[in-house]
Amino acid sequence: MSSTEIARNAAERRTQMRGTYKAMEVSAPGELRLVERQISESGPGQVRIRVEACGICHTDAATITGNYPGLKLPRVPGHEVVGRVEALGAGVSRWKIGQRVGVGFFGGEDGVCEPCRRGDLAQCLNPVVPGVTTDGGYAEVMIAEARGLAAIPDELTSAEAAPLLCAGITTYNALRNAGLRGGDLVAVQGIGGLGHLGVQFARHMGFRTVAIGRGRDKEKLAKDLGAHTYIDSAVEDSAAVLQCMGGARAILATAPSGDAMGPLVSGLAVRGKLIVVGVPSDPMQLSAFPLVFGGRSIYGSLTGTPIENEDTLAFSVLENIRPMIETAPLEQAADAYALMMQGKARFRMVLLTKNGAV
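Note that the structure is a prediction, hence the values are computed from the model and not measured.

Caption draft 1: Molecular detail of the layout of surface pockets. By volume, the second largest pocket amounts to about 240 Å³. At the level of elements, helix 4 (158-176) and strand 13 (297-300) are the ones that each hand at least two residues to the lining of the second largest pocket. A class-by-class count of the residues in the lining of the second largest pocket yields five nonpolar, nine polar and two charged.

Set out below in structure tokens:
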């Protein structure tokens, strides 16, 4: 170990002894800055996590711009968090000190609203959302609800696991809960942060997988990810091509463009489903004809519960599915966020702390 590394490690130990940690904080809309905060104790039912990695999600924009409904600043963004438990609050028995855990967009439920009472926890009306209702993972330390945690398999690095806790579960759950059968024709619109995982999950679930992208330059990547067929939406009518193939039983819409999503309904087979997981800022224009004549449907799908996150991670290990990531130090969160927003990341940005993440 070099003298520089020794000095740096000593400085980090002194920081921990002082009871402080570094975090990237949104102090005002659009202002993401590095701050030092006091470490707080985990309350009843909570754990304190020493963060190793945190993915950057497009949803973080709602926190960083200050536009998320009800958001209170200052706030630390981040809901794709992986780290190790370093303190347990009262009543926590499921988790152990030093255990590697993760928390995604769903960080806990209130347990009393109607969806929760009906067992639909992921649709809780008052959920704990890291980076929104509580401070998230753009930090060296984070307090999390124990009921919102997922165990991280040894086969995944912290940097690999982080995006699977949001982008992964979003696409995995959407596909596995769609009532599909092996061999069904399934299309994935968009080969980006969500889509590149959607293609992998669709292929390994046994579906006849079609990737829809814009430009021939994405064809090789789509097929390397597992797509059987690639449709270039820049020069082809995606819906027409899908109908020539017999119609898609499901289309997973991941690219956030309402203009691109709406016409895809016509590419569905009878009783087919357009599943929206990417949230466009522009309206979706729909024709009622293919919905009524053919019983087609369109609906949204969002995240899942902690145990479903563990299912996602386990399936990813089983089938060797991994996100394509770029990493950056925590201190460079603003630059990494900008790359993601500009569409220049390939395909998920992950922040690493100095707590041992790889």
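Caption draft 2: How the structure looks around the environment of Gly102. Within the secondary structure, Gly102 sits in strand 5 (residues 100-103). Spatially, the C-alpha atoms of Gly102 and Leu149 are 5.6 Å apart, while their sequence positions differ by 47 residues.

Caption draft 3: Highlighting the sheet that holds strand 11 (residues 248-253). The strand order across the open sheet formed by six strands is 10-9-8-11-12-13, and the pairing between neighbours is parallel. Both edges of this open sheet fall to strand 10 (229-232) and strand 13, since each of them pairs with a single strand only. Mean inter-strand twist for the sheet, computed between neighbouring axes without regard to direction, equals 20 degrees. Sheet topology note: the strand 8 (residues 185-189)/strand 11 ladder contains four bridges and is parallel. The partner of Val188 across the bridge, within strand 11, is Leu252.

Caption draft 4: Expanded view of the pairing of strand 8. The buried fraction of strand 8 is high, at five of five residues. Alternating residues of strand 8 divide into Leu185, Ala187 and Gln189 and Val186 and Val188, and every residue in both groups is buried. As paired strands, strand 8 and strand 9 (residues 208-213) are joined by five bridges and run parallel to one another. If you follow Ala187 over to strand 9, its bridge partner there is Val210. The parallel pair strand 8 and strand 9, bridged by helix 5 (residues 195-204), forms a crossover whose chirality is right-handed.

Caption draft 5: Representation of a nonpolar patch on the surface. Taken together, the side chains of Phe289, Val292 and Phe293 define a hydrophobic patch exposed on the protein surface, amounting to about 370 Å² of accessible area. With respect to the secondary-structure elements, Phe289 resides in helix 9 (residues 288-292). The exposure class assigned to Phe289 is exposed, which follows from its relative accessible area of 56%.

Caption draft 6: A look at the pattern of salt bridges. Within the structure shown, the criterion is met by 20 salt bridges. Salt bridges here are not isolated pairs; linked through shared partners, they connect Glu25, Glu31, Arg33, Arg37, Arg75 and Asp135.

Caption draft 7: Quick peek at unusual backbone geometry. Of the consecutive residues Leu73 and Pro74, the connecting peptide bond is found in the cis state with omega at 5 degrees. With respect to the helices and strands, the residue Pro74 is situated in the loop between helix 2 (60-64) and strand 4 (81-88). Look at the link from Arg346 to Phe347: it is a cis peptide, with omega at -10 degrees. Within the secondary structure, Phe347 sits in the loop between helix 11 (333-341) and strand 15 (348-352). Despite not being glycine, Arg271 has its phi angle at roughly 70 degrees, a positive value. With respect to the helices and strands, Arg271 occurs in strand 12 (residues 268-276). Residue Asn320 is not a glycine yet carries a positive backbone phi of 55 degrees. Following the sequence through the fold, Asn320 ends up in the loop between helix 10 (306-318) and strand 14 (325-329).

Caption draft 8: Region of interest: the packing of aromatic side chains. This model, assessed by the stated rule, comprises four aromatic pairs. Ring geometry for Tyr172 versus Phe315: centroids 5.2 Å apart, planes at 35 degrees, classification tilted. In this pair, Tyr172 is assigned in helix 4 and Phe315 in helix 10, connecting sequence segments 143 residues apart. Overall, Tyr172 belongs to the buried group, its relative accessible area being 7%.

Calculation notes
- Residues numbered from 1 in each chain as written.
- Predicted model: local features only at pLDDT ≥ 70, side-chain atom pairs only at ≥ 80, totals over all residues.
- Heavy atoms only, no water.
- 1 Å grid on protein atoms, 1.4 Å probe; cavity = no way out; pocket = protein on both sides within 12 Å on 5 of 7 lines; lining within 4 Å.
- Points joined across faces, edges and corners; volume = space filled by probe spheres on them.
- Helix = DSSP H or I, 4+ residues; strand = E, 2+ residues; numbered from the N terminus.
- Nonpolar A, V, L, I, M, F, W, Y, C, P; charged D, E, K, R; others polar.
- Pairing = 2+ DSSP bridges.
- Axes fitted to C-alpha atoms, helices over the stretch in contact; angles between N-to-C directions.
- Buried < 20%, exposed > 50% of the residue type's maximum accessible area, 1.4 Å probe, protein only.
- Right-handed = clockwise from strand over helix to strand, strands pointing away.
- Patch = residues over 30% accessible without salt bridge, like charges linked within 9 Å, V, L, I, M, F, W, Y side chains within 5 Å.
- Areas by Shrake-Rupley, 256 points an atom, 1.4 Å probe, with all protein chains shown as cover.
- Salt bridge = Lys/Arg side-chain N within 4 Å of Asp/Glu carboxyl O.
- Phe/Tyr/Trp six-rings, centres within 6.5 Å; stacked < 30°, edge-to-face > 60°.

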